[in-house]
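What follows is each chain in one-letter form.
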Amino acid sequence: MKLHPINECIEVAKSWREQGLDTYQQFLCAKCGEKNTVEEKNTFFAEGRCGDCGYVTNLRKTGCNYMASWSSEPEKRHGKAKA
Ligand SMILES: [Zn+2]
């Protein structure tokens, strides 16, 4: 996974948000190398706790990545049957 400066990620997330996409921060644990995805959407943290080993990585130093998913409620995603 490629890592980008956190400010760059936030800028990209903003522009995606305007297009209706939710962004999830991702980072690599500096200790064990595990890939982590933050649960809160559209939120970028300066530090990330590894879900595997619990180590806290300074994301301002290491950088982070992001993934996007379409912002929609489950019922909207499936659509409603037309009468
Ligand atoms: Zn870890």
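Here's a quick rundown of the structure. (Residues numbered from 1 in each chain as written. Predicted model: local features only at pLDDT ≥ 70, side-chain atom pairs only at ≥ 80, totals over all residues.)

**Focus on the sheet that holds strand 2 (residues 35-37)**
And step 1. Strands sit in the order 2-1-5 across an open sheet of 3 strands; the sheet is antiparallel. Of all strands in the sheet, those with a lone pairing partner are strand 2 and strand 5 (65-70), marking the two edges. With strand direction ignored, the average angle separating the axes of adjacent strands in the sheet is 30°.
And step 2. The sheet contact formed by strand 1 (residues 21-28) and strand 5 spans 6 bridges and is antiparallel. Following the sheet pairing, Tyr24 is matched in strand 5 by Met67. (Pairing = 2+ DSSP bridges. Helix = DSSP H or I, 4+ residues; strand = E, 2+ residues; numbered from the N terminus. Axes fitted to C-alpha atoms, helices over the stretch in contact; angles between N-to-C directions.)

**Structural notes on unusual backbone geometry**
And step 1. Of note, Asn42 is a non-glycine position whose phi angle comes to about 55°, a positive value.
And step 2. On the secondary structure map, Asn42 appears in the loop between strand 2 and strand 3 (47-49).

**Observations regarding helix 1 (residues 6-18)**
And step 1. Its 13 residues place the ends of helix 1 19 Å apart at the C-alpha level, agreeing with the 18 Å of an ideal helix rising 1.5 Å per residue.
And step 2. Buried residues of helix 1: Ile6, Cys9 and Ala13, and no others. Buried residues along helix 1 cover an arc of 55° about the axis, so they all sit on one side. Summarising the geometry of helix 1, the exposed residues directed more than 90 degrees from the buried face are Asn7, Glu8, Glu11, Lys14, Ser15 and Glu18. (Expected span 1.5 Å × (residues − 1). Buried ≥ 20, exposed ≤ 12 C-beta atoms within 10 Å, placed from the backbone. Arc of directions from axis to C-beta.)

**Some details on the nonpolar core**
And step 1. Counting residues in each nonpolar core, the largest one holds 9 residues, listed as Ile6, Cys9, Ala13, Phe27, Leu28, Cys29, Leu59, Cys64 and Tyr66.
And step 2. Contributions of two or more residues to this core are made by helix 1 and strand 1.
And step 3. Looking at this core, the element that brings in the most residues is helix 1, giving 3 residues.
And step 4. Ignoring any residue separated from it by four or fewer positions in sequence, one finds Ile6 in contact with Phe44, Ala46, Leu59, Arg60, Gly63 and Cys64. (Core = buried A, V, L, I, M, F, W, Y, C linked by C-beta atoms within 7 Å. Contact = placed C-beta atoms within 7 Å.)

**Quick notes on the pairing of strand 1**
And step 1. One ladder, built from 3 bridges, connects strand 1 with strand 2; its direction is antiparallel. In the sheet register, Leu28 faces strand 2, and the bridge partner there is Lys35.
And step 2. Hairpin connection, strand 1 to strand 2: the antiparallel pair is bridged by 6 residues, and Gly33 has positive phi, about 85°.

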